[in-house]
Protein chains: 2
Amino acid sequence: MNEWNMNEILDQILPFIEEKNARATLEILATLHNADIAELFPELDLEYQLFILSILENEDSAAVLLELDEEYRRRLLKNLSSKQIAEEVIQELESDDAADVISELSDSKKQEVISEILDEEHAKDIVDLLRYDENTAGGIMSKELVKVNHNKSVLGAIRSMRRQAEEMEEVYSIYVVDDNDKLLGTLSLKSLLTTSSNTKIADVYNPRFNAVTVTDLAEDVAIDIQKYDLFEMPVLDERGRLVGHITVDDVLDVMRDEAEKDYQMASGISVDVDMQDNLWTKTKARLPWLFIGVVGSLVSSRILDGNLGAMEKIPMLILFIPLIAATAGNMGVQSSAIVVQSLAGGTMKGSLWENLGKEIGMGLISGLALSVLLFAFSYTMYGDFLAGVTISISLFSVVIVAAIVGTTIPIFLDKRGIDPAIATGPFITTSNDVIGISIYFLVARLFLGI
Amino acid sequence: MNEWNMNEILDQILPFIEEKNARATLEILATLHNADIAELFPELDLEYQLFILSILENEDSAAVLLELDEEYRRRLLKNLSSKQIAEEVIQELESDDAADVISELSDSKKQEVISEILDEEHAKDIVDLLRYDENTAGGIMSKELVKVNHNKSVLGAIRSMRRQAEEMEEVYSIYVVDDNDKLLGTLSLKSLLTTSSNTKIADVYNPRFNAVTVTDLAEDVAIDIQKYDLFEMPVLDERGRLVGHITVDDVLDVMRDEAEKDYQMASGISVDVDMQDNLWTKTKARLPWLFIGVVGSLVSSRILDGNLGAMEKIPMLILFIPLIAATAGNMGVQSSAIVVQSLAGGTMKGSLWENLGKEIGMGLISGLALSVLLFAFSYTMYGDFLAGVTISISLFSVVIVAAIVGTTIPIFLDKRGIDPAIATGPFITTSNDVIGISIYFLVARLFLGI
C-alpha cells in the first residue's frame, strides 16, 4: 500500500514553502503522487498553493488541479489568467477532464480560455464535449482514442496507433471503423502483438462489442460496464459514428457519486458533503431535512392534540407513541431502500403489484412477530388485555401500511422521472410517523370505544 | 446501449427449451451476452437451467455460472459431479474466479474438485488463493499476469508475453521483475509496440508503481485504485515478490459491495438483499433491526411511564414527543452518515475532538433554527410562554446531544476495528430516541418545576 503520512510531509515541506525554496520543495513533492499533493492543498494558504502549482511541471500542476475539490480548484483558477489556464492546464489534460475544468468557469472566462487554446484539434474536442449534459455518456466520454480503418494491415494499424497515441497516457484497445467512421469492432493490443504484421485488420478484429450513444445516461453506462466486466465502452453519435469512449475509471467516479448520493439522501443530506466541509456547506445540506422532519412532527402534534381526550382516559396509549412512530419509520426506510437500490443496480424486475405483494408478505410476518412481542410486554407490564390487543393491532396495521408506502412512493417517483432516492430517509420516516400515529389512534378509538 | 428485453427473449426461447431443441435454443443464446443469459436463470426451472449449461460451450457455461447469484450457482453445482465442475467450470475460469466458486462448495467437495483439476499450475494457483481471506488483496487478486525479467529484450518480452497471455482474456500491462521475482516496475503494451525490438527491458520500463501486499484490505486497495486512477494493481507477498494482480473490475465489485452494505446498514438491512430475494431472506435481513427498534421503544415507554404525572399536569408535553424523537433520530443519522462515509472514502482527517467540534457547531446552528421555529409554533398555538421556552430548550439540547452521539459512536467503533456502518440506521435512531425523550423530560422537570 502506498502509505504516506500527510502530517509528516507537511512538517517537512512547510518551512521550504514558506521561504519559497523551489528546489527543496520539489524534491519532497517528487516523492508524492499528484493525488497526494492535491490532498495537501486544503492545509495550505492560497499563496502557498499557487507557489506549488507554479514550480511543478505543467503536466503535474494540471493533474493536481484536477484532483482537487471543486471549491479549491475554482479559487486557484481565479488567480490564473485565461492564457495561463489554457496553456498550463487545459493543454495538459485529456479532452474530458479539460471540458470538466472549463465547465466550472464563468461564461466569459470560458470563452476567453477556449480562444487561448493553441491546439485547434483539442479546442474543437473540448467545445464538442461541452455540448453534452454531464449526466450523459457524452458528458463523461473522452475524445482521445485510437481508431483504425478495417482496410489497414496490422503494421499500418501499429503506425497509426503510434501517431494517435502520442498524447494518450495509456491505450487499452483499438477501435476498428469503416470509411464513414462507423464502428465495426475492436482490436486488443495483445492481438496486435501476436499477429503477423501484414495481416489485414478486417481479418483479426473482434466484431462483437457493446456501445452506447452520446445521449445515454451516465449511470446506465456504469451499470453496463460493470455487468459486462468491460474496461472501456465506445460512444457513438446518433448516426452510429464513433465519437469517443468511456473508460472504467470515469465510471468509478460515476458509481461513487451515485452511491454517495443515494446514501446521503437516505441519511437526510442533500448534497455531497464530508467531514472536511465548512459549517455553512454542511448546514445547507442538512438543515432543510431536519426542517422537514420538524414540520412533519408538528403535524403529528396536531393529531395528538385531537386525541388528548382519549389519552386522558387511557394514559397507556401515550407510552407507545414513540414505538409506533419509530417502527413505521424503520419499516418504511427498509422498504424504500430496497426499491431504490434495486432501481439503481438495474435489478428491478416485475410489476409494481408483484413487488408490493412481496413487501406486504414481509410486512405480515414482521408485523405479526413484533405485535406478539408488544402484546407480551404490555400485558405483562400493565395487565390490560383489551388495551394490549389494541396497541398490538395498531402496530400490525402500521407495519403493513409503512411497507406499502415505502415501496410505492419510490416506484411512483421513478416512473415520473424523479430520483426515487429522495423518498428514502427523513421524507419517508416523517410521513410514516404521521401516518403511523393517525392509524394508532384510529384503531384505538375503534377498539376501545373512546 | 445494449438493450434487450428479457420477457421477449423468454417468450421466444421457452418453447425451444421445453422441447429440448438445442440448436434453436443456442441460436437465440448466441445473440446474448453471458451476463444476460445469467439474468434469465431465475425465471427458469432447475431442469432447464441445467439444459442450457449442458448445451453451451464450457467457456460460456462457466461464465454464466460466475454471473449468477450465489444461491442459484450453488443449486446448479450440486447437480454436477466434482469431475464436471473441475473440467467444465474451474478449468475455464481465471484463478480468482475459480477460487471464488470453489470456496462456496462444501469442504469435502472442495477437495474432490481440486483433485480433479488436470492443469496442475491452475490447481496450485487456486489452492494458493484459497488461503487468503476474501476481504484482503490476496482474496480478490488473480494469479494470471504477464511478467518479464528486466534483462530480456523487447522481442524476448513479446515472446514471453505471447506464451503467458495465451490463457488470459486481456493483457493491459506487463510487470518487470528481477531474478528473484521482486517487482521492479511496469511496461505498457503501448511502449512495447513503439520501441525497437532489441532494446533491453531494463531501459524502457517505468520504475514508478503502486503495489499492495496480500494482506492489505480489499477496500483499501479499492480506495487506492480509485484515487490514483489505476487500471490494475500488482500484489506482492510479504517478501516483496510479485504473486498476483488486481484489476479495476475486481475493484468495481468491492466498491459496489461496500457501498451497498453501508447503504443497507443505514437503512436497517443487515445482509445484501434485493427485490428478487425470497420472503425468508428478506425477513432475516430486516426483522432483527425492526426488533431492535421495538425494544428501544419499549425502553422509551418506561421513561414515559415515569413521567405520566408531569404529562397529566402539562398535557402539552405529550404533543411534542414525536418531534423530539424524530429530530434526535434525524440529526444522529446525518452525523453518523457523514462519519461513516468519510471513513469509507478515506477522507477522514483530524482528531475526534476536531470533528466533534465541527459537528457541535453544526448542531448549535441547526438546534437554534429549529428551536425558534418550534417556539413560534407552540406559543402561537397554545399561548403558554414558559412551556414553549421549555420544549424549545429541550429540542436544542437534544439536537446537540444527538450530533455528539452520532459522531462519537462510529468513530469509536472504527477505532475498535468494528464496522462503523452498524452505528447508522435503526441503531442510532433508536438510541437517540431514548436519549432524546430522557432529555426532554429532564429539561421539562427542571424548568417547569414538576
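Bear in mind the structure is a predicted one, so any value in this text is a computation, not a measurement. (Residues numbered from 1 in each chain as written. Chains lettered and ligands numbered in written order. Predicted model: local features only at pLDDT ≥ 70, side-chain atom pairs only at ≥ 80, totals over all residues. Heavy atoms only, no water.)

Trainee: Describe in detail the overall build of chain A, supporting the description with residues and values.
Mentor: A tally of regular secondary structure across chain A gives 23 helices and six strands. The C-alpha atoms of chain A give a radius of gyration of 30 Å, which is well past the 22 Å a tight globule of 450 residues would have. A buried classification covers 56% of the 450 residues belonging to chain A. Partitioning the intrachain contacts of chain A with sequence separation of at least 6 by distance along the chain shows that 67% fall at a separation of at least 24. Approximately 19200 Å² of chain A is accessible, and the part contributed by carbon and sulfur atoms is 52%. Distance between charge centroids for chain A: 7 Å, based on 36 positive and 71 negative side chains. (Helix = DSSP H or I, 4+ residues; strand = E, 2+ residues; numbered from the N terminus. Rg over C-alpha atoms; globule rule 2.2 N^0.38 Å. Buried < 20%, exposed > 50% of the residue type's maximum accessible area, 1.4 Å probe, protein only. Contact = heavy atoms within 4.5 Å. Areas by Shrake-Rupley, 256 points an atom, 1.4 Å probe, with all protein chains shown as cover. Lys, Arg positive; Asp, Glu negative; His and termini not counted. Charge placed at Lys NZ, Arg CZ, Asp CG, Glu CD.)

Trainee: I'd love a proper account of the interface of chain A and chain B, names of residues and values included.
Mentor: The interface of chain A with chain B comprises 123 residues on the first partner and 124 residues on the second. Taken together, the two surfaces of chain A and chain B that pack against each other cover about 11200 Å², and 66% of this comes from carbon and sulfur. For the pair chain A and chain B, the number of links is eight salt bridges. Of all the elements, helix α17 (residues 279-306) of chain A adds the most residues to the side of chain A that touches chain B, at 17 residues. Grouping the amino acids of the side of chain A that touches chain B by side-chain chemistry returns 65 nonpolar, 30 polar and 28 charged. (Buried area = accessible area lost by both parts, 1.4 Å probe. Salt bridge = Lys/Arg side-chain N within 4 Å of Asp/Glu carboxyl O. Nonpolar A, V, L, I, M, F, W, Y, C, P; charged D, E, K, R; others polar.)

Trainee: Residue-level account of unusual backbone geometry, with values.
Mentor: Leaving glycine aside, a negative phi is the common case for residues, and trans is the common case for peptide bonds. Residue and element names in this part refer to chain A. The phi dihedral of Lys20 is positive, around 50°, even though this residue is not glycine. Position of Lys20 relative to the elements: it lies in the loop between α1 (6-18) and α2 (22-29). Classification of Lys20 as partly exposed rests on a relative accessible area of 39%.

Trainee: Talk me through the UniProt feature "domain: CBS" (unreviewed entry) in chain A; I want residue IDs and the actual numbers.
Mentor: In the numbering used here, UniProt assigns the "domain: CBS" (unreviewed entry) feature to residues 141-204 and 205-261 of chain A. Counted over residues 205-261 of chain A, helix gives 42% and strand 23%. Its end C-alpha atoms are 40 Å apart. (UniProt positions renumbered as here; feature names shortened; annotations may be inferred.)

Trainee: Explain the sheet that holds strand β3 (residues 183-188) of chain A to me, using residue names and the numbers behind them.
Mentor: All names here are of chain A. Pairing is mixed across the open sheet formed by three strands, whose spatial order is β1-β2-β3. Looking at which strands have only one partner, the edges of the open sheet turn out to be β1 (147-149) and β3. Taking each pair of neighbouring strands and ignoring which way they run, the sheet shows an average axis angle of 35°. Pairing of strand β2 (residues 173-177) with β3, which is carried by five bridges, proceeds in the antiparallel orientation. What sits directly across from Val177, in β3, is Leu183. (Pairing = 2+ DSSP bridges. Axes fitted to C-alpha atoms, helices over the stretch in contact; angles between N-to-C directions.)

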